[in-house]
2 protein chains.
Amino acid sequence: MTYLRRSWVSSANTTSCPFPLNNLPCGVFSTPDQRAHCGVAIGDHILDVTALEAAGILDFGGAFSAPTWNAFMASGAKIWAQLREQLTDMLAEGSAAQPQLAPFLVHQHAARLHMPFTVAEFTDFYAGRHHATNVGAMFRGPEHALPANWLHMPIGYNGRASSVVVSGTKVRRPWGQVKAPDESQPRFAPSARFDFELEVGAVVGSPSERPLTVEEADAHIFGYVLLNDWSARDIQAWEYQPLGPFKSKSTATTIGPWIVMKAALEPFRCAPPKRDVALLAHLQDPAPLSYDIELTAMLAPAGKRASQITSTNYRELYYTAAQQLAHHSSSGCPMRVGDLIGSGTISGATEESRGSLLELSWGGQAPITLHTGEQRGFLHDGDTVTLNGAARAESYTIGFGDCAGSLLPALKKPFKEI
Amino acid sequence: MTYLRRSWVSSANTTSCPFPLNNLPCGVFSTPDQRAHCGVAIGDHILDVTALEAAGILDFGGAFSAPTWNAFMASGAKIWAQLREQLTDMLAEGSAAQPQLAPFLVHQHAARLHMPFTVAEFTDFYAGRHHATNVGAMFRGPEHALPANWLHMPIGYNGRASSVVVSGTKVRRPWGQVKAPDESQPRFAPSARFDFELEVGAVVGSPSERPLTVEEADAHIFGYVLLNDWSARDIQAWEYQPLGPFKSKSTATTIGPWIVMKAALEPFRCAPPKRDVALLAHLQDPAPLSYDIELTAMLAPAGKRASQITSTNYRELYYTAAQQLAHHSSSGCPMRVGDLIGSGTISGATEESRGSLLELSWGGQAPITLHTGEQRGFLHDGDTVTLNGAARAESYTIGFGDCAGSLLPALKKPFKEI
């Protein structure tokens, strides 16, 4: 389906609209008059799916009664397809359902967006080769940049689901234990090297109890969200040996408000980068399971206009989300509905396509210059980082909605007492 | 309270009974005739707390209607104390409540034990100095045994809550990617170096959104469980650089069936080991917050008698659970009711007090000999590992109940297809 499906919601019918009928991403929204409901974005509106089910126009066994997509995701891939089919029919230009559905449209300007799903657990991978090489060179020197295991399997670590927040939530600069190489003792201080990471998260929609093949893993994924894994680089450098990043990655992880269903991304499948060494059988690509999705990050100092600071593409990932999930399940680790699998930072080969300030400013040594003339090595208080994603066909765009967060200054005193 | 409180449940009145009136640990049980309920252990019985509340004898706002202690934990520390006080009064020798309560006792032999709480998220620390030194020496050489950061803060990583199981659940030997130092390429194979880890888990009972002092963190802990963090050492050695252990630690983590409330352990408070270097202010010990708890591990080959393979003590931990939780919260990471904080492997200074086979057999080079005459470098299929814990006063014992798991052979074919 690489042509625009036209809708009677006319704002959805432009080439650049992020939410055409081909997309129908899943979110949760409230209005001043109404508690949070599940909805799908269409043009500049949201179709209230919870209200549609309550009115008997949709019937998914009450899956939309709670303001989260988890119950619907748990109903399985056949049901996911049924919802898309029904909504696509009813929202299509010329549909007889228009008068029935029109009262269930809410303008996006009137809506506040919430977490689209309850995150069961959060795992973050490290599957971008350029990112791993850049960070490895900075943390361990260029000769040890890419760890010996890296080309053989997706390397990852578990994060904190409790710290995942939706776009628009303000993020507080953390305190933490830091020690610069030239310091003799560690200090407990506000992070001075706070950073963003441009990622895409896969949302697990089907649970599992046993190892999954890459093909099975792909079928278990419900959809994708933009993801910014805020990172305190000074805390990370001091803590990460030998058990990996921990406090440096647990202040907040911001996700976009819309889950783009896998079905909407099918036309944009493409191959991941060429493998330098053959993968073991259970991790091999059964098909081109990556996606061509353009990704950007914008940085806006407090009260000033935003500068685009990077532009990259999802297909730069060396390991696809399906390979990550297959690896994750390989130990027999149970996977659950609502597990969030971060891709890892997606950097391209060029300097302008790096997915974090750590890489863009090369550890702060070469600050970037914004359109405002200001420079940035790492984030300043008040900065807003906004991620955007777009899969572009000739006549339409699949958008993800802004994934934005602003940085609040560190607490003056982190503790109530002491 | 260092003397035995006598109960009209006479089996609770011996010096060696693990469940005297002083203990009252929290569990979830079912019988052939009854779905899972919350209960507390007393002597060789379980007092059915869910049924007591349903009968109006206790009133905690319906906290026991679901078969998990989470709702009760969320009610806060004052309520925790109220329950202990009410149950202690009603179960005390001479209590007028005996006739009313007696029908709510179930013999432990008739009960099946379930997960005592729903694990929100699972974090495992690395807070035993002897363990960290032993493992560091094996993985990185004796000169880099203890990482530079180790004496300054508790090092930890996040595990998978989905893989936490209750004592008695069989554990399947995992497959994983491994590469021995003398192999040129990695292989996907069943783990050949599968191990246990003797730990104690702290259960977070009060949520938080901001950094906690050590004293506050201690107040947020509801209680403690035994914890065996099963570990695939061959998978771990190949994967752990640079983001830490991941698949090697996600097959299963077994916890004991009883949460021993912090209040029951108060008489056993003691100081942690002497600090070689002063801790930063926010991690300093405000009081002796460790515990004197004897810990053992038994290993039984399939169908054979068990050998005690180690004997250690909780007070060997360099960082207390309160310090771990304070560190965990320091980044602003939200902590939730039901978060499980593993202590890390608790090894003593002597060879006989090491808390894992990795250390006991020194990486498999010096297998231990069981009472049956069999040797063990790592676990064999069919082996059962049982952890036990006891805090001993002159006239009573606070027990934790067995934390046991048996090892099933690896799946012949890990995948349905390929």
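Preceding this paragraph is the structure being described.
Residues numbered from 1 in each chain as written. Chains lettered and ligands numbered in written order. Predicted model: local features only at pLDDT ≥ 70, side-chain atom pairs only at ≥ 80, totals over all residues. Heavy atoms only, no water.

Section: the overall build of chain A
Of regular secondary structure, chain A possesses 10 helices and 27 strands. Whereas a compact globule of 418 residues would reach a radius of gyration of roughly 22 Å, chain A reaches 21 Å, a difference of no more than 12%. Across its three principal axes, chain A shows a C-alpha extent of roughly 75 × 50 × 45 Å. The long-range fraction of contacts in chain A, counting pairs at least 24 apart against all pairs at least 6 apart in sequence, stands at 72%. Mean positive and mean negative side-chain charge positions of chain A (33 and 39 charges, respectively) differ by 5 Å. (Helix = DSSP H or I, 4+ residues; strand = E, 2+ residues; numbered from the N terminus. Rg over C-alpha atoms; globule rule 2.2 N^0.38 Å. Contact = heavy atoms within 4.5 Å. Lys, Arg positive; Asp, Glu negative; His and termini not counted. Charge placed at Lys NZ, Arg CZ, Asp CG, Glu CD.)

Structural notes on the interface of chain A and chain B
The interface of chain A with chain B comprises 63 residues on the first partner and 63 residues on the second. Counting the surface lost from both chain A and chain B, the interface buries some 6,000 Å², and carbon and sulfur atoms represent 61% of this. On the chain A side of the interface with chain B, the three residues burying the most area are R160(A), L243(A) and F246(A), jointly 14% of the side's total. Those elements that provide at least two residues to the side of chain A that touches chain B are β6 (122–125), β7 (156–158), β10 (175–178), β11 (187–190), α6 (214–220), α7 (233–239) and α9 (321–329) of chain A. Among the elements that take part in the side of chain A that touches chain B, β7(A) stands out by supplying 3 residues, more than any other. Of the residues that constitute the side of chain A that touches chain B, the class distribution is 30 nonpolar, 20 polar and 13 charged. (Buried area = accessible area lost by both parts, 1.4 Å probe. Nonpolar A, V, L, I, M, F, W, Y, C, P; charged D, E, K, R; others polar.)

Here we look at the side chain of S191(A)
Structurally, S191(A) is set in the loop between β11 and β12 (194–195). A distance of 3.4 Å separates the side chain of S191(A) from the backbone nitrogen of R193(A), its partner in a polar contact. (Polar contact = N/O pair within 3.5 Å; in protein donor to acceptor, adjacent residues only side chain to side chain.)

Here's the deal with the environment of A302(A)
Residues and elements named next belong to chain A. Within the element layout of this structure, A302 appears in the loop between β20 (294–300) and β21 (307–313). You can call A302 exposed: its relative accessible area is 51%. Spatially, the C-alpha atom of A302 lies 5.4 Å from that of D383, the residues being 81 residues apart in sequence. For A302, the contacting residues outside a window of four places in its chain are G382 and D383. (Buried < 20%, exposed > 50% of the residue type's maximum accessible area, 1.4 Å probe, protein only.)

As for the relation of the copies chain A and chain B
Rotating chain A by 180° and translating it 0.0 Å along the rotation axis places it on chain B, where the RMSD comes to 0.0 Å. Between the two chains, the operation in question is that of a two-fold axis. Minimal C-alpha separation from the rotation axis in chain A is found for G244(A), amounting to 2.1 Å. A shared binding surface is used by both copies, with 100% of the interface residues of chain A retained as interface residues in chain B. (Least-squares fit on C-alpha atoms with pLDDT ≥ 70 in both.)

Examining the side chain of N228(B)
Residues and elements named next belong to chain B. By the secondary structure assignment, N228 is in strand β14 (residues 221–229). Taking the relative accessible area as the measure of exposure, N228 reaches 1% and is therefore buried. Those residues in contact with N228, other than ones at most four positions away along the chain, are F196, E197, A252, T253, T254, V385, L387 and C403.

Structural notes on unusual backbone geometry
Across the junction of Q241(A) and P242(A), the peptide omega takes the value 0°, indicating a cis bond. Relative to the helices and strands, P242(A) is located in the loop between α7 and β16 (253–255). Of note in the backbone geometry, L24(A) takes a positive phi value of approximately 55° without being a glycine. Mapping L24(A) onto the fold places it in the segment before β1 (26–31). Judged by its relative accessible area of 2%, L24(A) is buried. The backbone of W362(B) shows a phi angle near 45°, a positive value even though the residue is not glycine.

Describing the pattern of salt bridges
All names here are of chain B. In the structure shown here, the tally under the stated rule is 40 salt bridges over all chains. Here E93 ties to R6 by a salt bridge, and the two come within 3.2 Å at their closest N and O atoms. One end of the pair, E93, is in the loop between α3 (77–91) and α4 (98–101); the other, R6, is in the segment before β1 (26–31), and 87 residues separate them in sequence. Between R392 and E294 there is a salt bridge, with its nearest N and O atoms 2.8 Å apart. Taken together, the residues span a long stretch of sequence, with R392 in strand β25 (residues 384–392) and E294 in strand β20 (residues 294–300) at a distance of 98 residues. Looking at E294, the relative accessible area reads 35%, which means it is partly exposed. (Salt bridge = Lys/Arg side-chain N within 4 Å of Asp/Glu carboxyl O.)

Let's talk about the state of the cysteines
According to the stated counting rule, one finds 0 disulfides over all chains in the structure shown. We note that C333(A) lacks a disulfide partner, and the nearest cysteine sulfur, in C403(B), lies 18 Å from it. Judged by relative accessible area, C333(A) falls into the buried class, the value being 0%. (Disulfide = S-S within 2.5 Å.)

Quick notes on the sheet that holds strand β4 (residues 105–107) of chain B
What links the strands of a sheet is backbone hydrogen bonding, and the strands pair in either a parallel or an antiparallel sense. Residue and element names in this part refer to chain B. The strand order across the open sheet formed by 5 strands is β4-β3-β2-β1-β5, and the pairing between neighbours is antiparallel. In the strand order of this sheet, the two ends are held by β4 and β5 (112–114), each with one partner. Averaged over all adjacent pairs, the angle separating strand axes in this sheet is 45°, with direction ignored. Relative to β4, strand β3 (residues 45–48) runs antiparallel, the two being bridged by 3 bridges. Paired with H45 across the strands is H107, a residue of β4. (Pairing = 2+ DSSP bridges. Axes fitted to C-alpha atoms, helices over the stretch in contact; angles between N-to-C directions.)

As for the packing of aromatic side chains
Counting across every chain of the model gives 40 aromatic pairs over all chains. Between Y224(B) and Y291(B), the aromatic rings sit 5.3 Å apart at their centres with planes inclined by 75°, giving edge-to-face as the arrangement. Within this pair, whereas Y224(B) is found in strand β14, its partner Y291(B) is found in strand β19 (residues 290–291), the two being separated by 67 residues in sequence. In this structure an aromatic cluster arises from ring pairing among F60(A), F64(A), W69(A), F72(A), W80(A) and F222(A). (Phe/Tyr/Trp six-rings, centres within 6.5 Å; stacked < 30°, edge-to-face > 60°.)

Some remarks on the pairing of strand β3 (residues 45–48) of chain A
Residue and element names in this part refer to chain A. Where strand β2 (residues 34–42) meets β3, 4 bridges bridge the pair, whose relative direction is antiparallel. Its bridge partner lying in β3, G39 is registered against D48. Connecting β2 to the antiparallel partner β3 that follows it, the hairpin turn spans 2 residues, and G43 within it adopts a positive phi of roughly 60°.

Observations concerning α3(B)
Along its 15 residues, α3(B) runs 21 Å from first to last C-alpha, staying within 8% of the 21 Å computed at 1.5 Å per residue. Here α3(B) has its buried residues at W80(B), L83(B), R84(B), L87(B), T88(B), M90(B) and L91(B). (Expected span 1.5 Å × (residues − 1).)

Describing the sheet that holds β1(A)
All names here are of chain A. Here 5 strands make up an open sheet; going across it, the order is β4-β3-β2-β1-β5 and the pairing antiparallel. In this open sheet, the two strands that pair with only one neighbour each are β4 (105–107) and β5 (112–114). Between one strand axis and the next, the sheet turns by 45° as a mean value, whatever way the strands run.

A look at the environment of P286(A)
All names here are of chain A. Considering the arrangement of structural elements, one finds P286 in the loop between β18 (269–270) and β19 (290–291). A residue is classified by how much of its surface remains accessible, and P286, at 46% relative accessible area, is partly exposed. For the pair P286 and S65, spaced 221 residues apart in sequence, the C-alpha separation works out to 37 Å. Residues within four places of P286 in sequence aside, it is in contact with V214 and E215.

A short note on the pairing of strand β6 (residues 122–125) of chain B
Residues and elements named next belong to chain B. Here β6 shows no split at all, with F122 and D124 on one side and T123 and F125 on the other all buried. The pairing of β6 with strand β22 (residues 340–342) spans 3 bridges and is parallel. Residue pairing for β22: T123 is matched across the bridge by I341. Pairing between β6 and strand β7 (residues 156–158): 3 bridges, direction antiparallel. Among the inter-strand pairings, F125 is bridged to a residue of β7, identified as G156.

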